[in-house]
Amino acid sequence: MPETSTTKRRLVILISGRGSNMRALTEACRNEGWPAEIAAVIASRPDAGGLEWAAHQGIPTAALYHKDYPSREAFDATLASEIDRFEPDYVILAGFMRVLTPGFVNHYAGRLVNIHPSLLPAFPGLHTHAQALATGVRVHGCTVHFVTPVLDHGPIIAQGCVPVLAGDTPEALADRVLTVEHQAFPAAVRWLAEGRVTLTSDHRVNVEGDPERLFTWSPAA
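Reading the values: rules and limits
- Residues numbered from 1 in each chain as written.
- Predicted model: local features only at pLDDT ≥ 70, side-chain atom pairs only at ≥ 80, totals over all residues.
- Heavy atoms only, no water.
- Helix = DSSP H or I, 4+ residues; strand = E, 2+ residues; numbered from the N terminus.
- Domains from an automatic or database assignment.
- Contact = heavy atoms within 4.5 Å.
- Buried area = accessible area lost by both parts, 1.4 Å probe.
- Axes fitted to C-alpha atoms, helices over the stretch in contact; angles between N-to-C directions.
- Parallel < 35°, antiparallel > 145°, perpendicular 65-115°, else oblique.
- Left-handed = near helix turned anticlockwise from the far one by under 90°.
- Nonpolar A, V, L, I, M, F, W, Y, C, P; charged D, E, K, R; others polar.
- Polar contact = N/O pair within 3.5 Å; in protein donor to acceptor, adjacent residues only side chain to side chain.
- Buried < 20%, exposed > 50% of the residue type's maximum accessible area, 1.4 Å probe, protein only.
- Pairing = 2+ DSSP bridges.
- UniProt positions renumbered as here; feature names shortened; annotations may be inferred.

Further remarks concern unusual backbone geometry. Leu120 connects to Pro121 through a cis peptide bond whose omega is 15°. You can see Pro121 is positioned in the loop between β5 (112-116) and α5 (128-135). Even without being glycine, His127 reaches a positive phi, approximately 55°. Along the polypeptide, His127 turns up in the loop between β5 and α5.

Structure (structure tokens):
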């Protein structure tokens, strides 16, 4: 059974833009009564649209602009200091468009979780939907995973899949993938909040209770 504790796990969410996944996580945490709280939302740019929404929810916010720092290491060091003020149990990357340094990743080893818009290990990096269309795959999706120093790599917690349809554009495919992101990501973070996620000796994820960890898209009725 999941751990029983009155202590809520503290989540810090990192964003770079409108924060649609951050909103999905925040609303699911509130509506489903997770044993967790969103301790802060931190953005990599001060004009990130998600900051205003988070502030209206009463969530502490902060923004650090990477161009204000002389190096990636300097930015990551300041970011880590800002995150650590909120004493998080987990740091959640929800559309955080920065490649993080190994030092930062190792600082949060086992506590840093990302969602990537492809079925990893396929299509790491940027422009994943265009990559999928260019290669002719018939299935695409998203992956929730622990972050390691290797870009878009790490033990997989959950995935969501969608069909690639005739006539798809990268934008249409992205919209379809986003619907399963909003299913897979809240489910995975809830499992973390409930203390159900562990890593096996061979660095694979185990979720206590063996829930379904593949989420599939279906057309709206």
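Moving on to the domain arrangement of the protein chain. Considered domain by domain, the protein chain is made up of domain 1 (7-108) and domain 2 (114-220). Centre-to-centre separation of domain 1 and domain 2, based on C-alpha positions: 20 Å. Listed per partner, the contact involves 21 residues of domain 1 and 18 residues of domain 2. Interface of domain 1 and domain 2: buried area, both sides summed, is about 1700 Å²; carbon and sulfur atoms make up 71% of it.

Okay, the packing of helix α1 (residues 20-31) against helix α6 (residues 170-193) next. Their axes nearest at 9 Å, the elements α1 and α6 cross at an angle of 45°. Of the possible angle classes, the one that applies to α1 and α6 is oblique. Between α1 and α6 lies a crossing of right-handed hand. Residues Ser20, Asn21, Ala24, Leu25 and Ala28 of α1 lie in contact with α6, whose contacting residues are Leu178, Glu181, His182, Phe185, Pro186 and Val189. For the contact of α1 with α6, the per-class residue count stands at seven nonpolar, three polar and one charged.

As a further point, take the side chain of Arg9. Within the fold, Arg9 resides in strand β1 (residues 9-15). A distance of 2.9 Å separates the side chain of Arg9 from the backbone oxygen of Ala193, its partner in a polar contact.

Okay, the pairing of strand β4 (residues 90-93) next. Of the two faces of β4, the one carrying Tyr90 and Ile92 and the one carrying Val91 and Leu93 are both buried. Sheet topology places β1 next to β4; four bridges connect them, and they run parallel. From the neighbouring strand, Leu11 faces β4, where its bridge partner is Tyr90. Looking at chain direction, β4 and β5 are connected through three bridges and run parallel. Bridging from a neighbouring strand, Leu93 pairs with Asn114 of β5.

A separate point is the UniProt feature "binding site: (6R)-10-formyltetrahydrofolate" (unreviewed entry) in the protein chain. With numbering aligned to this structure, UniProt lists the feature "binding site: (6R)-10-formyltetrahydrofolate" (unreviewed entry) at Arg72 and Asn114. On the secondary structure map, Arg72 appears in helix α3 (residues 72-84). A relative accessible area of 37% places Arg72 in the partly exposed class. Apart from residues lying up to four places away in sequence, Arg72 is in contact with Arg98, Val99 and Thr101. Tracing the backbone shows Asn114 in strand β5. Asn114 sits in the buried class, given a relative accessible area of 10%. Here Asn114 is in contact with Leu93, Thr143, Val144, His145, Val147, Asp152 and Phe185, once residues within four sequence places are set aside.

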